[in-house]
Amino acid sequence: MAESAPSSPSSPSSPASFVDEPAAPSPHALVKENFVPTILVFATPDADQSLKKNGENFSILSLLSSFSSIVLPNAFRLRVDPASANKPGPDTSVLISQINIRWQTMNFFQTQPRFHFLMIQPRREFPAIISQAHATKFQQDYVARRRFTPWFDEYRAKYFRSLGPSPHELFEHPVAALIVSSSTDKDPVGNMKRQFEPKNPPAAVPRYMDIASVMTHYLLIHDVASGLELAEAQKKYANMQRTFGARACSMVTINSLQNAEPNPLILGGQPKVYISRQDAEMCRSFASTFVGDTLLPYLQQSLQSLHEEVSKARSGFGHKMKLWMGNSFSSKQEDQYGQRFEIASLEFRERRLADWAFLLGDYAIAYRTYKSLIDIYKNEQAYMYQASAHEMAANCLTMWKEEQLLNAAQRPAGAAPTPQLPYQWQDVENQFEEAWQNYLKAGRPAWARRASLCHAFWSQWRLQNSAANLYERLADQPNVDSLERALLLQQSAISYILRPSQTRLRMFAFQSIQAADNYSQANQLVHALSAYRAAYNVYENRRWTSVDDHLHARIARLAFTLGKHEMAMKFINLLLEHNNQPADAQNSFLREFIYIYTTAESKSSMSNNRALTLMPLPIVGRNVNLHLNDFVTNAGDPEWGIMEESLLELLQPPEKRNVWQLMKKANKTKEQHVAVVGETIFVELELRNPLRVPVQLTNMHLECVLVQPSSPPAPSPGSDGSPLVAPPSPDSKLLEVEHRDQLLGPLELQRVQFALKPLVVGTITITGIRFRVCGVVEGVRELSAPRVIKVTTPLPRLQPQLIDWPEEDSSLLVGQIHRATLKLTNVGKMPLKTLCFSSSHPHYFASDHFNDTGLIQFLSTPTTTPSLMQQQRGWIAKVSLPAPLEAGGHVEIPLWVRPCSKGVHTFKFLFFYEPTLPNPDMKHRLQRAVAQVKVIASLKMNAVIRPDPTVHDQYILAVEAENMMKPSAKTQKFPVISLRQMRVYSGNWSINLMSYGEGPSGKSSPVVGAGASNAVPPVELQPRETHHMYFSVHRKHNASRFGPAEPSAASPLPASRQAPILLPLLSEAEPEIISFSPFQNAPQGIPTAQFLQRERLADKVIPTPAETKRQKETTALFDSRSREQMDEDNRIARFNDLNRLHVVVSWEISTRSASFQHNIVDLSFVPPTPWLGTSDPKSPLRFYVDYSAFIQHDFKKGFCVVPLTFHCFNSSPFAGVSFTFEGLKPFESIDLPEQRHSTKSNSEFFWGGATRMKVHQLAPESTTTFEVQAIFPGPGRFNMNRFKFTV
């Protein structure tokens, strides 16, 4: 509702006094300024354009509002009753020499006026009212129109103008219409007619306004800046005069200046305008001529006609009988706008007579007319109309009395006195009280407040006793906010000391305290302090303990908040010296005393005494994290530390990694933090608030110092040979420190980050933090131990950026191959070299820059840190730089992205690079980067491989494919997955397509050799559809059953001592290809095999705990093995790789133009040969049984004897195997696997013949066969799995 204006404090040497203020407005001036004639202004578009040259918001209303107060060159004598001129007695005419006009446009009726006023700040303390003598002096100053509360004068005036037009009074109804056009208008006459038609008013005009009968005047403005000649404008003006009449037309000139200049006569809010002083004087002359020669004669003529009509109608016997009988004058009820009487009714015209006479100052005619209307409205029970008539009748009495006092000295000698009204102050109070009651009865509290404000103002001006009660009554009304209540209560307090006979000082003080409390709630602290001080002057030294405590505390807090420290200390001292509060309140007062006292102390003396600056809060934790561009201590995400160690270890030669691990542990205790000149350092601290109340820490920054070396190093040269950093001058800054504010809640623990930037080489020592508690007390909190950071010379700095990365609102599908570009820019001041990087998800990316060989070598060497091996993501990509990357240069790396699982994935990238010039403090640098992408499920595939029970050394591969996608929410299209191609990688095995299962009726289709492609019927999967395919897996004809005797030349094994290859590369054999249908979007340059290899590696990069345990055992075993034993293990690992199967399925989706790939890796169906010496070997023994599944036998002839033939095969190509077969007796049992058939039978069976056989050292890749007999005593279904092999 209100705004605060900045106060204008007076000079200390000459304190401001109330005499310096302009005179306070009187109620007479208030009524004169707010109840004025309204003129409705219409402007054509050309006129608006001419005026907008002075500013976008400059309009015709801005121009005319500068001439709202009009002084007539010739005073106008208004006579409402012409017959009174010839009658003896006092002169009833009114002499008008000055009049106020309100110019309005149609916006006034289209928008509801908003109550908005400027809350002026007090320039001085309120006068001390201690005794009756002070009250008497205050009354004298008030009568002399001293402005004690100018903010309330502003509030009252703005409130009067905020109510807008109403049907029950005509003060805001226009009395005339002014139509304005420009000389640049081609047809000003036609446009003026279209702008306003009295018989067809605009729709925005309320229906209770009589627009048709208003006077119309036409104004032509000649825009000199338009270049139009004056003669041409005068021709258009002459045409207007011929059309509308010479007296109804006027012409002014604007925009005569070539350059905009300030014009004090124009109040349109523009500092400079093109309107000259001559133009402004012409506009002023038009306004006075229009009002004096046109408007006032028209109003006088209308008033005379209305007076004659009303006098005849109201003076007859019939009117008096109607009032006496209580008959209604109108059968109409109030409509939605509140209109009760039609425009054509006599009551409406009589109200016009009263209001227009009031506007022009004929208060005698207005008062008699209002009195007549009161009787009519009372008879009609029109409470709103009656209340307004009562209010204006009271204003007529007071305004008439004021006019008499003002004009008594100006009356000519011998002139007849003005007519007398029955004026008594009690009559005024009665009229205002009737207005208040009837406004409330009509449900119009806003209008009741206007009447009561006017009533209270007249009472206060006349020093009447009723003013205080009137303001209190207004403050107690509902829906009054804190600021308005404070304003009204303060005026009530002032009214108590304006009583001449009975000044009530304590009531003044009590109301001032209430006003101050409400000012505090409205955040008007200056006014609140002033009101509290005014009340304190009354209660001072009276020893009213409770009141003193309240005032002392309030004044101290407000004075401190407003920066008046001396006043705050004075009152907080008074509070501590004399108070009657409980212990907890006293403790609070004591803290406030310390708080205020330390603030008022000299800051220079406090800064010299460090003991005074040490604060008990906040508590700083022991963990201090340093965030440098290359180093972070105690990072919240431990994965970064693991990636850094893994990357640095990968960059070491394999034979030096064990030494590097030892050196790293030794250097960790002597770790030194190094920063770079010009790069920001972040220090993260734990701050805890030990209190149960919030604590505000402001201006908080690190307390640190930078010490330059005694012999500074020579400045490093840049690319052009000039030094990168000039030597600092003696006056230059060495360090930039960030300042910040922080709010700590009750018992809250926060991690706060501070920033500082070194500008020169040296050593930074961080000892603590410096801050202000609640912005007042400056203090220091020390760290548990100082942190030291060494600052080195400028270095290169890498800035990574991903181009064509999926946006936040987009997503990828599982298996979708997306191409992006990794842009690496050197934003430092030196060139860099040896650029490489690693990622947290290496199997999601592929590029020609990736070095898989280095990855295999790293994983092939056992690590000495099991925890690192358990969590590491070992992978590195070296960027080929033809030359060092200069400062400002960049390199772009093509990057293929293929997500393997759904969800929101966060990819971490870690970059490594070295400066071209060696730096002993920082030999290399690291840079982190993070990217995120959302992945949606697409194709789900499962593969199962089982031995073929019908063919020896052959297997069956079952593949299940399911479309997991849903229809698109935007396009409602159904994504159809079309399988395009299947690639099969294996060293020893080949596959043939058997059938589609429950899919399309496909038949067996053999594959034509390695690397060839054979087309089969297409496979298309609708959403949520599942498809099955079956393949036979058989050994290749040219496959080596024993593998290579020695590692091949393509093997990644180095020549030095090695560990077994844990994750060997894919077989060098060409893949077998099965084509389902041709590609719609043929993939170009997609590294299919690289994605397959990386997904194989991803399964082993993060081993399970059991695998980690085996790796530790293997590591301990490798240290004691010979070269021959390790070579044998390498041959075994190579053979196991040849017996694995890898499948790559490529497909496309109907809703996306992209390539997709799904990998099925490491299908191991032949049991792997174990490494020698391991503690958990797997048996290479394989067997199958030949027997008849269904047998018919006549048990009357004896038991049934069935032969079973066991075929046992040693799958190991290197080592023999010994085993023992043993048939179980009926009462023996073992843990059997899950049974496919029921084991219920009528009787048990027995093994016959030789039930225990032992085979010693079955040769590699050899088969042995033996036969046993099963004896069944009766019919039934039997589970034959009652035997065991001991290997």
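Structure report, in brief. (Residues numbered from 1 in each chain as written. Predicted model: local features only at pLDDT ≥ 70, side-chain atom pairs only at ≥ 80, totals over all residues. Heavy atoms only, no water.)

**Comments concerning the overall build of the protein chain**
Point 1. The helix and strand inventory of the protein chain stands at 31 helices and 45 strands.
Point 2. Residues classed as buried in the protein chain amount to 50% of the 1287 residues present.
Point 3. For the protein chain, restricting intrachain contacts to residue pairs at least 6 apart in sequence, the fraction spanning at least 24 positions comes to 78%.
Point 4. Surface exposure of the protein chain reaches about 61,600 Å², of which carbon and sulfur atoms provide 51%. (Helix = DSSP H or I, 4+ residues; strand = E, 2+ residues; numbered from the N terminus. Buried < 20%, exposed > 50% of the residue type's maximum accessible area, 1.4 Å probe, protein only. Contact = heavy atoms within 4.5 Å. Areas by Shrake-Rupley, 256 points an atom, 1.4 Å probe, with all protein chains shown as cover.)

**Some points on a positive patch on the surface**
Point 1. The grouping of Lys902, Lys940, Lys966 and Arg1024 at the surface amounts to a positive patch.
Point 2. Structurally, Lys966 can be placed in the loop between β30 (954–963) and β31 (977–985). (Patch = residues over 30% accessible without salt bridge, like charges linked within 9 Å, V, L, I, M, F, W, Y side chains within 5 Å. Salt bridge = Lys/Arg side-chain N within 4 Å of Asp/Glu carboxyl O. Lys, Arg positive; Asp, Glu negative; His and termini not counted. Charge placed at Lys NZ, Arg CZ, Asp CG, Glu CD.)

**With respect to the nonpolar core**
Point 1. Grouped together as the largest cluster of nonpolar side chains are 149 residues, with contacts concentrated most on Leu63, Leu295, Phe358 and Tyr370.
Point 2. When residues in this core are grouped by element, the largest group, 13 residues, is from helix α9 (residues 277–314).
Point 3. Those residues in contact with Tyr370 that lie beyond four places of it in its chain are Phe171, Arg351, Ala354, Asp355, Phe358, Ala389, Met392, Ala393 and Cys396.
Point 4. One finds Leu1021, Phe1031, Phe1156 and Leu1163 within the second-largest nonpolar core, a separate group that totals 32 residues. (Core = buried A, V, L, I, M, F, W, Y, C linked by side-chain atoms within 4.5 Å.)

**Considerations on unusual backbone geometry**
Most of the time, phi is negative for any residue but glycine, and the peptide bond is trans.
Point 1. The phi dihedral of Asn699 is positive, around 50°, even though this residue is not glycine.
Point 2. Position of Asn699 among the secondary structure elements: in strand β14 (residues 695–707).
Point 3. On the accessibility criterion, Asn699 (33% relative accessible area) is partly exposed.

**A word on the sheet that holds strand β28 (residues 925–936)**
As a general point, the strands of a sheet are linked pairwise by backbone hydrogen bonds and lie either parallel or antiparallel.
Point 1. Strand order across the open sheet formed by five strands is β21-β28-β27-β23-β25, with mixed pairing between neighbours. Only two strands of the sheet have a single neighbouring strand rather than two, namely β21 (812–813) and β25 (877–878).
Point 2. As paired elements, strand β27 (residues 903–915) and β28 share 11 bridges and run antiparallel to each other. Paired with Tyr913 across the bridge in β28 is Arg925.
Point 3. Sitting on the sheet, helix α25 (residues 638–650) is in contact with β23 (832–839), β27 and β28, with an inclination near 45° to β27. (Pairing = 2+ DSSP bridges. Axes fitted to C-alpha atoms, helices over the stretch in contact; angles between N-to-C directions.)

**Remarks on empty space enclosed by the protein**
Point 1. Taken as a whole, this structure holds 13 cavities of 30 Å³ or more when the rule is applied.
Point 2. Of the voids in this model, the second largest cavity is the one considered here, and its volume is about 90 Å³.
Point 3. Forming the walls of the second largest cavity are Asn34, Phe35, Arg102, Phe160, Arg161, Leu163, Gly164, Glu169, Phe171, Glu172, Trp447 and Arg450.
Point 4. Looking at the lining of the second largest cavity residue by residue, the class counts come to five nonpolar, two polar and five charged. (1 Å grid on protein atoms, 1.4 Å probe; cavity = no way out; pocket = protein on both sides within 12 Å on 5 of 7 lines; lining within 4 Å. Points joined across faces, edges and corners; volume = space filled by probe spheres on them. Nonpolar A, V, L, I, M, F, W, Y, C, P; charged D, E, K, R; others polar.)

**Comments concerning the sheet that holds strand β44 (residues 1263–1272)**
Point 1. Taken in spatial order, the four strands make up an open sheet running β39-β40-β44-β42, and their pairing is antiparallel. Edge positions in the sheet fall to β39 (1181–1186) and β42 (1246–1248), since each of these pairs with one other strand and no more. Shown here is a sheet whose adjacent strand axes are inclined to one another by a mean of 35°, direction ignored.
Point 2. Relative to strand β40 (residues 1200–1210), β39 runs antiparallel, the two sharing six bridges. Counted as the bridge partner of Tyr1184 is His1207 from β40.

**Here we look at the packing of aromatic side chains**
Point 1. If you walk through the whole model with that rule in mind, you get 40 aromatic pairs.
Point 2. Ring geometry for Tyr955 and Trp989: centres 5.7 Å apart, planes at 80°, overall edge-to-face. Of this pair, Tyr955 sits in strand β30 while Trp989 sits in strand β32 (residues 989–995), placing them 34 residues apart in sequence. Each member of the pair, Tyr955 as well as Trp989, carries the same accessibility label: buried. (Phe/Tyr/Trp six-rings, centres within 6.5 Å; stacked < 30°, edge-to-face > 60°.)

**Looking at the pairing of strand β41 (residues 1217–1223)**
Point 1. Within β41, five of the seven residues are buried, leaving the element largely enclosed by the surrounding structure.
Point 2. Two elements, β41 and strand β43 (residues 1252–1258), share five bridges in a ladder whose sense is antiparallel. The residue of β43 that forms the bridge with Phe1221 is Met1253.
Point 3. Here four bridges tie β41 to strand β45 (residues 1283–1286), and the two strands are oriented antiparallel to one another.

**Quick word on the side chain of Thr1220**
Point 1. In this structure, Thr1220 sits in strand β41.
Point 2. Discounting chain neighbours no more than four positions away, the residues touching Thr1220 are Arg1252, Met1253, Lys1254, Lys1284, Phe1285 and Thr1286.

**Regarding the environment of Lys401**
Point 1. Within the secondary structure, Lys401 is located in helix α13 (residues 383–407).
Point 2. What makes Lys401 partly exposed here is its relative accessible area of 28%.
Point 3. Lys401 sits 373 residues away from His28 along the chain, and the two C-alpha atoms are 9.8 Å apart.

**Concerning helix α16 (residues 467–475)**
Point 1. Turning to α16, its buried residues are Ala467, Ala468, Leu470, Tyr471, Leu474 and Ala475. Down the axis of α16, the sector holding all buried residues measures 165°, keeping them to one side.
Point 2. Elements in contact with the buried residues of α16: α6 (150–160), α14 (425–441), α15 (445–461) and α17 (482–496). (Arc of directions from axis to C-beta.)

**Structural notes on the pattern of salt bridges**
Point 1. The final tally for this structure, using the stated rule, is 24 salt bridges.
Point 2. As a salt-bridge pair, Glu308 and Lys312 come within 3.5 Å of each other at their nearest N and O atoms. Taken as a pair, Glu308 and Lys312 lie in helix α9 at a separation of four residues, close to a single helical turn.
Point 3. Residue class for Glu308 comes out partly exposed when judged on its relative accessible area of 45%.
Point 4. By relative accessible area, Lys312 is classed as exposed at 60%.

**A short note on the packing of α15 against α16**
Each pair of packed helices can be described by the angle between their axes along with the distance between the axes.
Point 1. One can describe the packing of α15 onto α16 by two numbers: an axis separation of 8 Å at closest approach and a directional angle of 155°. Between α15 and α16, the crossing angle belongs to the class labelled roughly antiparallel. Along this stretch, α15 crosses α16, giving a crossing that reads as left-handed. Here Arg449, Ser452, Leu453, His455, Ala456, Phe457, Ser459 and Gln460 of α15 lie close against α16, whose contacting residues are Ala467, Leu470, Tyr471, Arg473 and Leu474.
Point 2. The residue makeup of the contact of α15 with α16, split by class, is seven nonpolar, four polar and two charged. (Parallel < 35°, antiparallel > 145°, perpendicular 65-115°, else oblique. Left-handed = near helix turned anticlockwise from the far one by under 90°.)

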